[in-house]
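Summary of structural features
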Amino acid sequence: MEIKVLGPGCAKCKATAELITRVAAETGKDVTVEKIEDMRQIVGHGVMTTPAVVIGDKVVHKGSVPSRDDVLAWLS
Amino acid sequence: MSVQTSTHPAPRNDWLWHLGVVAFVAIWWLVYHQLIPFAEWLTALFPVDRHSHTGEALAFFFYDVPKVMMLLTLIVFAMGVVRSFISPERTRALLAGRRAGVGNVLAALLGVVTPFCSCSAVPLFIGLVSAGVPLGVTFSFLISAPMVNEVALALLFGLVGWKVAVIYFVFGLGVAIVAGWIIGKLRLEGWLQDWVRDIHSGASSPATTEGDRLSMVDRYRLGIEAVREIFGRVWLWIILGIGMGALIHGYVPEDLMARIMGADAWWSVPAAVIIGIPMYTNAAGVIPIVEALLGKGAALGTVLAFMMSVIALSLPEMIILRQVLTLRLIAVFAAVVGSGILAVGFLFNFLF
């Protein structure tokens, strides 16, 4: 499973990527987290607020650090 | 904002939340009115004369820190709840295709209530421009969003009084509206970075639309989240700002500020704007200083100009915007906003 975290490198974006990596490790899921910092790509997904989380081609979350429950729901 | 988690238990819990919010406001009110005795009591614990410079500075500090923290908590919570009704996507839908004039007014007003964080400034900017929001209207939004915010208004209201808070609100919006309108008139779309114009012409995929099915409890939660987040960001600035303010209050002689920042010194307004630009702080840090300067005889217009320039024209923000704007456009932006701030400063020094 491939999850992209979109964000220009702000603190909340890092926190989001770390949270997903950690939850994935805890649940033993095979997940690659890719951080997208290039503004063109971020904007290409149509998000206006960062951090945003993209799974497949779908924006599942944007504008804040997701909750743990959110991450668990995406991984299952 | 995530919406998948609106699975809170039966509405039985809701009234507990409402009750909790009401109780919190009531307690807040009671405590808020005990702050002066509390500050005096705390100052008396120190082995200094209450009327000495140090005593004055300490009393100022002990009164202002809890007062500002309490005001911020309440207002940021309220704004967090209000903002849960407005997303950037909704703002974009409201602004798309607006003409100059009405569009600028609407954009400046939406800038006050739309959730905005400076690290999202670029995607927000592109999101607006690519959806057909005119450049000038986008700028009105981008100027008002950081300048006229709830943190600034809460601090001004608490520290300087409601009149100055209202003046700041009205003239902050005024600068955003007029500056955006002028930038729109100049037709500078060609001065965007090339790649932004490409997105502009191509269709950008609309972000997934979220339903607005948040319960009131979810909105309370978002309010609490906003308080936590803003405090995490500004508490240090507030303490530093009030510390600076306390030093000015206790040690700076009365007539010094009246002389160098008074209404008679015409050059003080441009000086305040120029000094304000490289200063990187936010409303939380600058307003306690403003309060102390006003108390020492600085003119209102000069101080307003200083405050607006610190908050609205910051170098870090310009560096972020550099990704989407050419240097020429940033220079125009700074010049137009700076002139607006100058006008406000001179106007107030002239009137009062």
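Residues numbered from 1 in each chain as written. Chains lettered and ligands numbered in written order. Predicted model: local features only at pLDDT ≥ 70, side-chain atom pairs only at ≥ 80, totals over all residues.

Let's talk about the interface of chain A and chain B
- Taken together, the contact pairs 22 residues of chain A with 23 residues of chain B.
- Broken down by secondary-structure element, the contributors of at least two residues to the side of chain A that touches chain B are helix H2 (39-44), strand E4 (58-62) and helix H3 (68-75) of chain A.
- Class assignment for the residues of the side of chain A that touches chain B results in 10 nonpolar, 7 polar and 5 charged. (Contact = placed C-beta atoms within 7 Å. Helix = DSSP H or I, 4+ residues; strand = E, 2+ residues; numbered from the N terminus. Nonpolar A, V, L, I, M, F, W, Y, C, P; charged D, E, K, R; others polar.)

Digging into the UniProt feature "active site" (unreviewed entry) in chain A
- Summarizing the sequence annotation, UniProt attributes the feature "active site" (unreviewed entry) to A:Cys10 and A:Cys13 in the numbering used throughout.
- Position of A:Cys10 among the secondary structure elements: in the loop between strand E1 (2-6) and helix H1 (11-27).
- A tally of 16 C-beta atoms within 10 Å means that A:Cys10 is categorised as partly exposed.
- Excluding residues within four positions of it along the chain, A:Cys10 makes contact with A:Thr50 and B:Cys119.
- Turning to its location among the elements, A:Cys13 is positioned in helix H1. (UniProt positions renumbered as here; feature names shortened; annotations may be inferred. Buried ≥ 20, exposed ≤ 12 C-beta atoms within 10 Å, placed from the backbone.)

Brief notes about the environment of B:Gly338
Residue and element names in this part refer to chain B.
- Within the secondary structure layout, Gly338 lies in helix H17 (residues 327-351).
- For Gly338, a count of 22 C-beta atoms within 10 Å puts it in the buried group.
- Along the backbone, Gly338 and Ala312 are 26 residues apart, and their C-alpha atoms lie at a distance of 9.1 Å.
- Sequence-distant contacts of Gly338, that is, excluding residues within four places in its chain, are made with Val273 and Leu313.

Re the packing of helix H15 (residues 300-312) of chain B against H17(B)
Residues and elements named next belong to chain B.
- At a closest axis distance of 7 Å, the pairing of H15 and H17 adopts a crossing angle of 160°. One finds that H15 runs roughly antiparallel with respect to H17. The handedness of the crossing between H15 and H17 is right-handed. Each of Leu300, Gly301, Thr302, Leu304, Ala305, Met308, Ser309 and Ala312 in H15 lies in contact with H17, whose residues at this interface are Val337, Ile341, Leu342, Val344, Gly345, Phe346, Leu347, Phe348 and Asn349.
- Its residues placed into classes, the contact of H15 with H17 shows 12 nonpolar, 5 polar and no charged. (Axes fitted to C-alpha atoms, helices over the stretch in contact; angles between N-to-C directions. Parallel < 35°, antiparallel > 145°, perpendicular 65-115°, else oblique. Left-handed = near helix turned anticlockwise from the far one by under 90°.)

Concerning the packing of helix H13 (residues 268-276) of chain B against H17(B)
All names here are of chain B.
- Contact geometry for H13 and H17: axes closest at 9 Å, N-to-C directions at 140°. What the angle tells us is that H13 and H17 run oblique. The handedness of the crossing between H13 and H17 is right-handed. Judged by residue contacts, Val269, Pro270, Ala272 and Val273 of H13 engage Gly338, Ile341, Leu342, Gly345, Phe346 and Asn349 from H17.
- When grouped by side-chain class, the residues that make up the contact of H13 with H17 number 7 nonpolar, 3 polar and no charged.

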